[in-house]
Each structure stands twice: as structure tokens, then as C-alpha cells.
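Report on the structure
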Amino acid sequence: MFMNENQAVSQDQPTEPVRQLPVITPAVDILENEREILLHADLPGVLKDDINIHIDNGKMTLSGRRRLQMTGATAWREFADAEFRRIFAVPQNIDVGQVHADLKEGVLRLHLPKSESAKPRRIEITAG
Amino acid sequence: MTRWQDMHSILGAMDLFRNQMNSLFYQFDRTYSLGHGWETSETYPRTNLSDTGDNLELIAELSGVNREDLKVKLQGNYLEISGSRKADIPEGYTVHRIEQPAAAFSRSFTLPYEVNAAKVTATLKEGLLTMTLPKSEAAKPRQISIQ
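So, here is what we can say about the structure in this document. As a convention, each chain's residues are numbered from 1 in the sequence order in which they are written. Lettering of chains starts at A and numbering of ligands starts at 1, both following the order in which they are written. Since the coordinates come from a predicted model, pLDDT governs what is reported: local features require at least 70, and pairs of side-chain atoms require 80 or more to be given and counted, while whole-chain, interface and lining totals use all residues. Note that water and hydrogens are dropped before the side-chain values are worked out from all heavy atoms of the structure.

Attention shifts here to the packing of aromatic side chains. Here a pair means two rings of Phe, Tyr or Trp (six-membered ring of Trp) with centres within 6.5 Å. Their orientation is stacked below 30 degrees between planes, edge-to-face above 60, and tilted elsewhere. Using the criterion set out here, one finds two aromatic pairs over all chains in the structure. With centroids separated by 5.6 Å and ring planes inclined at 20°, the aromatic side chains of W76 of chain A and F109 of chain B adopt a geometry described as stacked. Residue W76 of chain A is located in strand β6 (residues 73-77), and its partner F109 of chain B is located in strand β6 (residues 103-110); the two belong to separate chains. You'll find W76 of chain A and F109 of chain B in the same group, each marked buried. Note on Y44 of chain B and F105 of chain B: the rings are 5.3 Å apart at their centroids and 75° apart in plane angle, and the pair reads as edge-to-face. Residue Y44 of chain B is located in the loop between α1 (2-26) and β1 (47-51), and its partner F105 of chain B is located in strand β6; the two are separated by 61 residues in the primary sequence. Of the two residues, Y44 of chain B and F105 of chain B, neither departs from the other in class, the shared state being buried. Put simply, a charge is over a ring when the Lys NZ or the Arg CZ is close to the ring centre, within 6 Å, and near the line of the ring normal, within 35 degrees. Across the ring face of Y113 of chain B, the terminal group of K135 of chain B is positioned such that the distance to the ring centre comes to 4.1 Å. Elements are defined by DSSP. Helices are runs of H or I of four residues or more, strands are runs of E of two residues or more, and each kind is numbered from the N terminus. Accessible area is worked out with a 1.4 Å probe on protein chains only. A residue is then buried under 20% of its type maximum, exposed over 50%, and partly exposed in between.

Okay, structure coming up:
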């Protein structure tokens, strides 16, 4: 469901932001087990609705916009509104329809399940 | 006593200068990974500080840090944020890549004003620590009525 929504959005021409935000490459962790590839991406300050994940033709684009609520006079500033964006190659054996994600403490956890045919299988040998 | 205060204001100015320099380099630092670009343990977590008149507001980037692993210490105008980011590798997974490793961190600041430590609020949400630090009475802006 999550993916379908994003795919629907990305079919339209992407609208250019009014103000070009600096693009930051988020730090990621990539883990794998028999069932899935698990990707953790650091997106501090990005809200769930501002994250877009798009998989097409073996390429996954992860992007998220951060809009900070800033008030008062700036004493110092080390980070600002930004667009986090990173593109990954997705292996053939990923079941794109089953990809799902959750966001917690500014970390996106993206689960990319492997398709049935790619999971390790034990082959029974039948006595002839 | 006066000499101590002088020292403090010099250190405060140096802090400000360092922060300005950090923000100057910000644009060039496109990746967050340690060991790349300009980010060092000296500048983690990154912070923004603003002054809203009665309060100072500080925001720190702390994604993946749990509330219970974070410590904030405050004394007069000295603020210290420390803690640790724990490894988040579920059991049975092979690691291909870790760009933000588990690590302990600590950063301290000299705030431009003394704050009322009893009234400080801090919330950790979406990987951002937001602190509202009310200035101590003496540091607040005051309307002077003219006789």
C-alpha cells in the first residue's frame, strides 16, 4: 500500500521546489538475512509524510524533505532545511510489491523482502 | 572575579566563531558519515541556537538516539549534551554497510545568557532534540518606563 501510493505520486511530473534545498546524502546501514534486505537511513527532522520512496527499473530513489520550525533570532546555525536524497541499486530478487518501511527517532527502516524464488531452499532428494 | 568573567566572554566569542566556521563549511559536507568532510566528533551533534527574547531555543540533530541514552547537563550558561548511539543490528542479519556507527558523544556549549535551569524543557522527536531554555530574570529583555 505504501509503495503504490508513492508510485502513483511519481507518475506525475515531479514539481520543482520553489526554493532549491541543499541536498544531503543520508547515512545508511545495509543489512541482510535470508528473508530480506534491511536498510536504515538517517533522516533527522524529516516527517513521515515528507518521505518518498520510488522503485523503478532496479533503481530505488529515497528522498525526504526536512522543514524545521525556526523562530527568533539566530545565534548560530549548523544545519538547515534540506532534502535528503540517495539512489540505490535494487537486486532483481526483491519483491517490490512487499517493500515496507517505518520511521522512528529520525531513522527510516526499510524492509526489502526477497521474492520466494530467491530464498534459500532445501532440496529433498528422493530415493530412486 | 573580573578576570574570570573576561575569560568567559573570550571563550564565548571563540565558541561563536567556531560555530560560524562550521556553518560556513556546511554546504560542502554532503555526507553525514564520520570521517568524511568536515564533521568530527567535535561537531556532533549539530545544533542550531536561536533567541526568542525570553527564551533560548536549541535544536540538535540526534537521529537513532534513544531518550534514555541521552543526557543533558546545565549549569548557569554552560550546557552539555552527551550520550550514546547504540548499534541497531537485529539478530541474524549480515552487515553490508554501516555509515553511522554506534558511538558515544559529548558536546558542550557556552550559551550567550544564563538560563533558568529549573524551567528548561527538552523533547526528543523525529531525531531532533528541541530545548527551550528560559533566560534567567537578569538576562531577559526589559521595558524601561521613562519618568
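Residue and element names in this part refer to chain B. The pairing criterion is simple: DSSP has to find at least two bridges between the two strands. Spatially, three strands are ordered β3-β4-β6 in an open sheet, and the strand pairing comes out antiparallel. Each end of this open sheet is capped by a strand with a single partner; those strands are β3 (70-75) and β6. The sheet shows a mean angle of 10° between the axes of neighbouring strands, direction not considered. Bridge count between β3 and strand β4 (residues 78-85): six bridges; the pairing is antiparallel. Every angle, taken between N-to-C directions, lies between 0 and 180 degrees, and every axis is a line fitted to C-alpha atoms, over only the stretch in contact when it is a helix.

Right, let's talk about the nonpolar core for a bit. Where a protein is soluble and globular, its nonpolar side chains tend to be buried together. Residues and elements named next belong to chain A. Only buried residues count toward a nonpolar core. Its members are Ala, Val, Leu, Ile, Met, Phe, Trp, Tyr and Cys residues joined through side-chain atoms within 4.5 Å. Among the nonpolar cores identified, the biggest contains 22 residues, and L39, I51, I53, M60, L62, L108 and L112 are the most heavily contacted of them. Those elements that place two or more of their residues in this core are β2 (28-32), β3 (36-42), β4 (46-56), β5 (59-66), β7 (82-89) and β9 (107-113). Among the elements that make up this core, the one with the highest residue count is β4 (four residues). Not counting chain neighbours up to four residues away, the residues in contact with L108 comprise L39, H40, A41, L43, I51, I53, L62, A101, D102 and L103. We call two residues contacting when some pair of their heavy atoms lies within 4.5 Å.

Further remarks concern the interface of chain B and chain A. Contact with chain B, which involves 46 residues of that partner, is made by 41 residues of chain A. Take the accessible area each of two parts loses on contact, using a 1.4 Å probe, and add the two losses: that sum is the buried area. Between chain B and chain A lies a buried interface of about 3,800 Å² when both sides are counted; carbon and sulfur atoms form 52% of it. For this document, the term salt bridge refers to a Lys or Arg side-chain nitrogen within 4 Å of an Asp or Glu carboxyl oxygen. On the surface where chain B and chain A come into contact, there are five salt bridges. Among the ionic pairs, R66 of chain A bridges to E61 of chain B, the shortest N-O distance being 2.5 Å. Here a polar contact is taken to be a pair of N or O atoms separated by no more than 3.5 Å, where protein atoms must pair a possible hydrogen donor with a possible acceptor and residues adjacent in sequence count only if both atoms sit in side chains. The tally of links between chain B and chain A comes to 25 residue pairs in polar contact (both at pLDDT 80 or more). Listing elements by their share of the side of chain B that touches chain A, those giving two or more residues are α1, β1, β2 (55-61), β5 (94-98) and β6 of chain B. It is α1 of chain B that contributes the most residues to the side of chain B that touches chain A, six residues altogether. Note that Gly is not counted as nonpolar here; it falls among the polar residues with everything else outside the nonpolar set of Ala, Val, Leu, Ile, Met, Phe, Trp, Tyr, Cys and Pro and the charged set of Asp, Glu, Lys and Arg. Among the residues making up the side of chain B that touches chain A, the classes are represented as 17 nonpolar, 18 polar and eleven charged. Bridge count between β2 of chain A and β5 of chain B: four bridges; the pairing is antiparallel. Paired with I30 of chain A across the strands is R97 of chain B, a residue of β5 of chain B.

A separate point is the environment of K114 of chain A. Residues and elements named next belong to chain A. The residue K114 is located in the segment after β9 in this model. Between the C-alpha atom of K114 and that of A41, which follows or precedes it by 73 residues, the distance is 19 Å. One polar contact links K114 to E32, side chain to side chain, over a distance of 2.7 Å. A distance of 2.9 Å separates a polar atom in the side chain of K114 from the backbone oxygen of N33.

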